[in-house]
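Here is how the chains run, residue by residue.
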Amino acid sequence: MKDPITELDVLQSRRTFLLNSGMGLGTAAFASLFSKHALAAKSDSAIKPKAKRIIFLFMAGAPSQVDLFDHKPDLHKLFKTELPKSISKGQRVTAMTRGKQQLVAPSTFKFAQKGKSGIWMSELLPHLSASADDLCLVHSFNTNAINHDPGKTSFCTGSETPGKPSMGSWLSYGLGSLNKDLPDFVVLPSAFWSGRVNVQALYARLWGSGFLPSKHQGTSFQTVGDPVLFLSNPKGIDRKVRRSMLDSLATLNRKHLAEIGDPEIQTTIAQQEMAFRMQSSVPELTDISKEPKEVLDMYGPEVNKLGSYARNCLLARRMAERDVRFVQLFHRGWDHHSSLPKHMRGQCKDVDQPTAALLKDLKLRGLLDDTLVVFVGEFGRTVYGQGNITRENYGRDHHPRCFSGWLAGGGIKGGMHYGKTDDFSYNVVENPVHVRDLHATMLHLLGVDHQKLIFPFQGLDQKLTGVEKSHVVRDIIA
Amino acid sequence: MFVIRKLIRIVFRVSLVGGCIICSAFVAHAKEVSFGRDVFPILSDRCFACHGPDAHDRKAKLRLDLADGPDGAYRTHDDITAIKPGSLEDSELWYRITTDDPDDLMPPAKAHKKPLTKEEQSVIKQWIEAGAPYERFWAFVPPKKPKTPKVKNDSWSKLPIDRLVLAKLESLNLQPAKEADKRTLIRRVTFDLTGLPPTREEIKEFLADNRPQAYEALVDRLLARKQYGEHMARYWLDLVRFADTNGMHKDFYRNFIAYRDWIIRAFNENLGYDDFVRYQLAGDLFPEPTNDQLVASGFNRLHLIIDRGTALPEESFFKNVLDRVTATGTTFMGMTVQCATCHDHKYDPLTQKDFYSLFAFFNNIDAAPETGGRPKNGLQPPFVALGSPEQKKMLALLNEQFAESDQAIKAKKKELASEKDAEKKKAHSQELKSLTAKYNEVKGKRDRLDREIPRAMVMKERKEVRPTHVRIRGEYDVKGDLVTRNTPEFLPALKKAGENASRMDLAEWFVQPENPLTARVAVNRFWQQFFGVGLVKTSEDLGAQGEVPSHPELLDHLSVSFVESGWKIKPLVKQIVLSRTYRQSSVSKTEQFAKDPENRNLARGSRFRMDAEMIRDQILATSGLLVNAMYGKSVKPPQPDGLWKSVTMIGERFKPDSGDAIYRRSLYTYWKRGMPPPQMTILNAPVRDACIARRERTNTPSQALLLLNEAEYLKAARELAGKTLQTKDSSGRLDFAYETVTSKLPDEKERKVLSDLVSSLEKNYAEQPALADAVCQGVDLTDAKKKAQFAAWTVLINTLYNLDITKTRE
């Protein structure tokens, strides 16, 4: 019996061949037109890929850069003074703080220089500080959105307007699979977190495929029941029963293929076989029982809880090993309008050790070289406080004009700060990196020209980076 | 320097012209070049971004979408003529698209557009040589009834649809396929008109009906079914992004039940598409609007909406209007009007001013831009109560009594407070008690009745028209020129009934016969339903960047006859499904599928995977679980645990409904935009946060997992297994099951494969009774042998549900 997957590949490569052999885009090629666009992005570009895959650690709710990454040592002198108008420039703020006084709330946390490179890290991230020399801290991220929903939507899909494909689905579409038994794009939302206030919602569109074929949509792993929806055979149908059933099914489907002629039937057969393989490859992937104790310890005690950020970091590493193209973790609970220091401690405890462990673990296995790791939220937070401001306690509002995050591995220079903000961490004063620029850079590191990764829809050559200007941040590439 | 460069160019040009005469000999171009079909799409795709309708970004004072005018293609600027009709040599454009000088080549590298292929160059060449004739863009010229073409195979069909299809087939040296067999035909047309499979009895009846009009009679029966309206409504709900939640932030419940139900009734009652458009765009503006008209105007409220909190209300307001205009553009115009939010449209002659003039029609809503806390019953004002006149009268009466009672209590409380005398105080207290009892009683009655009366969110104008400004770069807070309500300049003029243009004028503008878009956009979508792909494939965009129609004259024929029929949808649908084109067999050779995978030539019947809802409804229907109750509250059939929990910010947990409700048609499934039902989205249903005119159909392993393992689908298999085993004649069991699921009878080979499977499964389950027990859970069986048999047949039905032919409309 022929392996259906191989047959599918042959079919697909035949299509590709027809398209690339100068037959042009006649009516016959309509169906495969789209894959041609995807291929063009890869083959035409002279960009040498530095990374093969991405692990995106998305801190949903927007962590405070003032407390985490953007060190402003002189702010303590300005405690509770009004933010100068020369800094705030009358720029728009949210409905929560509009018309209110903007009083500076310096960070209560200490910063110190870490690693050989001596980059500044907050005491909130002791474990991660040990990996300082791998991190490229970007302080000049900026976005247009001032609220979570549009902020996350534009971060994950390149546009505030819902309906566009997500980052991971673009990559799946543009680069195809590295792995035949697992999805290209996996989403791992944390099932719990410490900062149990203002927990912002997630939406299926954040990992949806928009107008791209839905095979590119993210597969969100579940913590209850099957990790992949409908993965397990129902009770009473064991693997042997399933196999014999699938064999009969394939025989009939093949018969119908011969009679009807529609090659789509071949695809059905192939997908049913892939489903069968996923029934063993996914449990194998999520089973961490064979991980050595020292590895588990590295991720911290939470790793033993299903759905924890720590477990998801470990799973992300296991996925990197298995060449899943894009893994996106969502850790919620960062929306700290009040009692920020308390919630921040909790959230950082959630993520610090596991994130550091992920970096170390990838490095130990030689995977960090070609795995890009990104850690960022949808925007930043204001230097001015919300609520009753004391030295030890304050809240912060949403702030899109500057925020910090970091990149590591996959062709990134480690141990550096990139981009500068003013003395109040309010506006970018040097080397701005818009969300679009981050997207362009991520694609670039994977060897894809963001201008060429297109999909024709609604009359436009749609791109992840949209129609506005964007650039690859070359200074941070090794 | 300049002169030298120019000289070099001329030399180059001459040699290029010579060179291309030779190379064009290799390119067989038998057919004549048509500007609309062949030239325009190339110019639009490669050139319009810089040389198109958008004046702001226009380079070199050249626009190629027009021939004449100071910037038109024939213009001479700095001694350079872009296109000189009839002369390649004098046409700068020809040099620019063929040169190998990278500095001069168009489109330039920085535009990230592909250079023209040899074939495309040859098209341009032929066109310029033929005098570079421009025509108006096809979709902006009102459709005209085409002549019925002459065909060689005159006896195939006399119907205009078929004549127009056959003429193209003959021009391509193709023949139509033979008619599909009767079983395929009844399955196809029953699915296409009702979204459900035919029953075995219906198949039997149709097979036995040998009258020439048997098929037409079948079609009439199907069009008269209530399920027709449900099925047609489903496509509409994708288009208008219908859902049960806000879709943003806290994603609260949003109640559009009445709108959904009205859509179903409108299709069943065969409401003219003109009224269908009028009611939705402007139902609230009829002099004395009916309930239906008001409910329909809820179209204007279907956009995503944020709840009050951190967002800036004026930004939310702008986004809502934008969403409304975008929906109108996609739904009724088939145009990407939203592209002109920030600048003039790059491809269509729609200016930014045109966009905001359209925007102005939708800018005057009398509603808060954000919903409050948790909107009661999912309703945000303005909304209307829809009860019967008696109910409304009763409610008014109760409200009056309630107010009186409330007043009385307040007055009594005052008296009580100011009373000093203990005796009197006591008396007042007594009276207050009885007043409170009365109050509670009235309130209870009122609230009960209130809950019974359905309500619908509607559109409502503010008294004073809100001024509309162009927004610079599309930024909600950067205002440009003031604009007044108007339709795009390049389309027929708007007729105003009063001094100020109204949404009703806009609705009338859409349905006046001169409007070149409305009918085309609608019939193209209906066609797409029956062939899997529209005559214009990009059914959401008939503009410059959309695809040109595969059969322009057929599209015009359908559009004109649609309008002439009084915009009646059922006759249009009937015309389509009665055609021989529609009735062709979808069986073909693999090479033919490869040559025309989407069946654009219509040389066969279309074959495509059915939508999620049809697949689920089919499983419910064939197993006997389907509950045909229509209308009302959306239902929550079971789904895997934890999905809502994983996304919510308000602690929402999915609680499945129970009882019959969970077996209602998928159309009624509760749609949370933040986490839509996976049984639907896995099979390509859109999230419903944007207007979708066509779903794509990809084949994925998650789909295979869903159809193999979903608990409710397995339950359905169990149900059908039970029914199958109850059939008296045990030798007919396979036929019964196979026919119920696929509408076909198995042939020898199929029968053998399946009976081998069932016997091996039976043996396996007999050997492992625990496994059999697990399959038979909830089934009233004690005998081990019977259990093994039951389990085996359940798996067999599960197999049938996973056949490619089961999930595919053939």
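### Concerning the overall build of chain A
Moving on, step 1. Within chain A one finds 13 helices and 17 strands.
Moving on, step 2. Taking 23 Å as the expected radius of gyration for a compact globule of 478 residues, we find that chain A reaches 24 Å, a close match to that expectation.
Moving on, step 3. The dimensions of chain A, computed from C-alpha atoms along their principal axes, are 80 × 50 × 40 Å.
Moving on, step 4. Expressed as a percentage of the 478 residues in chain A, the buried residues total 57%.

### Structural notes on the overall build of chain B
Moving on, step 1. If you tally the helices and strands in chain B, you get 32 helices and eight strands.
Moving on, step 2. Each principal axis of the C-alpha distribution contributes one length, and for chain B these read about 115 × 85 × 50 Å.
Moving on, step 3. Counting all 810 residues of chain B, 49% fall into the buried class.
Moving on, step 4. Once local pairs closer than 6 in sequence are excluded, the contacts in chain B between residues at least 24 apart make up 67%.

### Some thoughts on the confidence of the model for chain B
Residue and element names in this part refer to chain B.
Moving on, step 1. Here chain B averages 92 in pLDDT, while 96% of its residues score no lower than 70.
Moving on, step 2. Across residues 10–30, where pLDDT falls below 50, the model places 18 contacts with residues more than four positions away in sequence or in other chains.
Moving on, step 3. Model confidence for the complex: the whole-complex pTM is 0.86, and ipTM, which rates the interface, is 0.89.

### With respect to the domain arrangement of chain B
Moving on, step 1. In terms of domains, chain B is made up of domain 1 (2–135), domain 2 (182–224), domain 3 (225–386 + 454–515), domain 4 (387–453) and domain 5 (709–809).
Moving on, step 2. Once you take the C-alpha centre of each, domain 3 of chain B and domain 5 of chain B turn out to be 50 Å apart.

### Re the interface of chain A and chain B
Moving on, step 1. Listed by partner, the interface residues are 71 residues for chain A and 85 residues for chain B.
Moving on, step 2. Elements with a minimum of two residues in the side of chain A that touches chain B: α8 (239–260) and α9 (264–286) of chain A.
Moving on, step 3. Here the side of chain A that touches chain B gets 12 residues from one element, more than from any other, and that element is α8 of chain A.
Moving on, step 4. Looking at the side of chain A that touches chain B, its residues break down into 31 nonpolar, 29 polar and 11 charged.

### Details of the nonpolar core
Moving on, step 1. Counting residues in hydrophobic clusters, the biggest one holds 185 residues, and the most contacted among them are C136, A316 and L407 of chain A together with L796 of chain B.
Moving on, step 2. The dominant element in this core, judged by the number of residues it contributes, is helix α31 (residues 784–801) of chain B, at 10 residues.
Moving on, step 3. Judged by nonpolar contacts, the second largest core, of 137 residues, contains F48, C50, V337 and L602 of chain B.

### Here's the deal with the packing of helix α6 (residues 160–171) of chain B against helix α20 (residues 552–564) of chain B
Residues and elements named next belong to chain B.
Moving on, step 1. Where α6 meets α20, the closest approach of the two axes is 9 Å, and the angle between their N-to-C directions is 170 degrees. Here α20 runs roughly antiparallel to α6, going by the angle between their axes. Counted together, P160, I161, L164 and V165 of α6 and E553, L554 and H557 of α20 form the full contact between these two elements.

### Overview of the packing of α8 of chain A against α9 of chain A
Residue and element names in this part refer to chain A.
Moving on, step 1. Where α8 contacts α9, the axes come no closer than 9 Å and their chain directions differ by 165 degrees. With respect to each other, α8 and α9 are oriented roughly antiparallel. Crossing of α8 against α9: the hand is left-handed. Judged by residue contacts, R242, L246, L249, A250, N253, R254, H256, L257 and I260 of α8 engage I265, Q266, T268, I269, Q272 and F276 from α9.
Moving on, step 2. A class-by-class count of the residues in the contact of α8 with α9 yields eight nonpolar, five polar and two charged.

### Let's talk about unusual backbone geometry
Residue and element names in this part refer to chain B.
Moving on, step 1. Along the chain, M106 connects to P107 via a cis peptide bond; the corresponding omega equals -10 degrees.
Moving on, step 2. Topologically, P107 is positioned in the loop between α4 (92–98) and α5 (118–129).
Moving on, step 3. The phi torsion at N684 lies on the positive side, around 75 degrees, for a residue other than glycine.
Moving on, step 4. Relative to the elements of secondary structure, N684 occurs in the loop between α25 (678–681) and α26 (701–709).

### Overview of the environment of W793 of chain B
Residues and elements named next belong to chain B.
Moving on, step 1. Its place among the elements puts W793 in helix α31.
Moving on, step 2. Residue class for W793 comes out buried when judged on the 25 C-beta atoms lying within 10 Å of it.
Moving on, step 3. Each C-alpha atom of the pair W793 and T724 lies 8.2 Å from the other, and the pair is 69 residues apart in sequence.
Moving on, step 4. Excluding anything up to four places from it in sequence, W793 contacts A721, T724, L725 and V758.

### Remarks on helix α9 (residues 214–223) of chain B
Residues and elements named next belong to chain B.
Moving on, step 1. Residues of α9 that are buried: L218, V219 and L222. The buried residues of α9 occupy one face: seen down the axis, they fall within an arc of 100 degrees. Turned more than 90 degrees from where α9 packs its buried face, A217 and D220 sit exposed.
Moving on, step 2. Those residues of α9 hidden inside the fold are in contact with α7 (182–194), α8 (200–208), α10 (226–239) and α21 (569–578).

### Digging into helix α24 (residues 612–623) of chain B
Residues and elements named next belong to chain B.
Moving on, step 1. The terminal C-alpha atoms of α24, which comprises 12 residues, lie 17 Å apart, in line with the 16 Å expected from a rise of 1.5 Å per residue.
Moving on, step 2. Within α24, 12 of the 12 residues are buried, which leaves it mostly tucked inside the rest of the structure.
Moving on, step 3. Among the residues of α24, A612, E613, M614, I615, R616, D617, Q618, I619, L620, A621, T622 and S623 are the ones counted as buried.
Moving on, step 4. One or two residues past the end of α24 sits G624, with phi positive at roughly 85 degrees.

### Quick notes on the environment of P678 of chain B
Moving on, step 1. Structurally, the position occupied by P678 of chain B is in helix α25.
Moving on, step 2. Owing to 20 C-beta atoms within 10 Å, P678 of chain B belongs among the buried residues under this scheme.
Moving on, step 3. In this structure the C-alpha to C-alpha distance between P678 of chain B and K59 of chain B, which are 619 residues apart in sequence, comes to 48 Å.
Moving on, step 4. Among residues more than four places away in sequence, those in contact with P678 of chain B are L229 of chain A together with Q639, P640 and L643 of chain B.

### What to know about the pairing of strand β5 (residues 185–189) of chain A
All names here are of chain A.
Moving on, step 1. The element β5 is extensively covered by neighbouring structure, given that five of its five residues are classed as buried.
Moving on, step 2. Neither face of β5 is left uncovered, since the one carrying F185, V187 and P189 and the one carrying V186 and L188 both have all their residues buried.
Moving on, step 3. Summarising the sheet, β5 and strand β7 (residues 326–331) pair through five bridges and their orientation is parallel. Bridged to F185 within β7 is F326.
Moving on, step 4. Pairing between β5 and strand β6 (residues 219–220): two bridges, direction parallel. Each bridged residue has a counterpart across the sheet, and for V186 the counterpart in β6 is T219.

### Section: the confidence of the model for chain A
Moving on, step 1. For chain A, per-residue confidence averages 89 on the pLDDT scale, and residues scoring 70 or more make up 90% of the total.
Moving on, step 2. Every residue in residues 1–36 of chain A is under pLDDT 50, and counting partners more than four places away or in other chains gives 37 contacts.

### A word on the environment of L572 of chain B
Moving on, step 1. Position of L572 of chain B among the secondary structure elements: in helix α21.
Moving on, step 2. Not counting the four nearest positions on each side in its chain, L572 of chain B is found in contact with V523, F526, L558, F562 and S565 of chain B.

Analysis parameters
Here the residue index of a chain counts from 1 through its sequence in written order. All chains are assigned letters beginning at A, and all ligands numbers beginning at 1, according to the order in which they are written. Restriction of local features to residues with pLDDT of at least 70 applies here, the model being predicted, together with a cutoff of 80 or more for giving and counting side-chain atom pairs; totals for whole chains, interfaces and linings are based on all residues. Secondary structure follows DSSP: runs of H or I at least 4 residues long count as helices, runs of E at least 2 residues long count as strands, and numbering of each begins at the N terminus. Two things to know: the radius of gyration comes from C-alpha atoms, and the globule rule equals 2.2 Å times the number of residues to the power 0.38. A residue is called partly exposed when the number of other C-beta atoms within 10 Å of its own lies between 12 and 20, exposed at 12 or fewer, and buried at 20 or more, with C-beta atoms placed from the backbone. A pair of residues counts as a contact when their C-beta atoms, built from backbone coordinates, are separated by no more than 7 Å. Confidence of the prediction at every residue is given by pLDDT, a number between 0 and 100. Where each domain starts and ends follows an automatic or database-derived domain assignment. By the convention adopted, Pro, Cys, Tyr, Trp, Phe, Met, Ile, Leu, Val and Ala count as nonpolar, Lys, Arg, Asp and Glu as charged, and the other residues, Gly among them, as polar. Each nonpolar core consists of buried Ala, Val, Leu, Ile, Met, Phe, Trp, Tyr and Cys residues. Their C-beta atoms, within 7 Å, join them into a set. Note on method: axes are straight lines fitted to C-alpha atoms, helices fitted across the in-contact stretch only, with angles between N-to-C directions ranging 0 to 180 degrees. Angle categories: roughly parallel below 35 degrees, roughly antiparallel above 145, roughly perpendicular from 65 to 115, and oblique for all the rest. In this scheme the handedness of a crossing depends on how the near helix is turned from the far one: anticlockwise by less than a right angle means left-handed, clockwise means right-handed. As used here, the arc is the angular range of directions from the helix axis to the C-beta atoms. Given the number of residues in a helix, its expected span is that number minus one, multiplied by 1.5 Å. A strand pair is defined by DSSP finding two or more bridges across the two strands.

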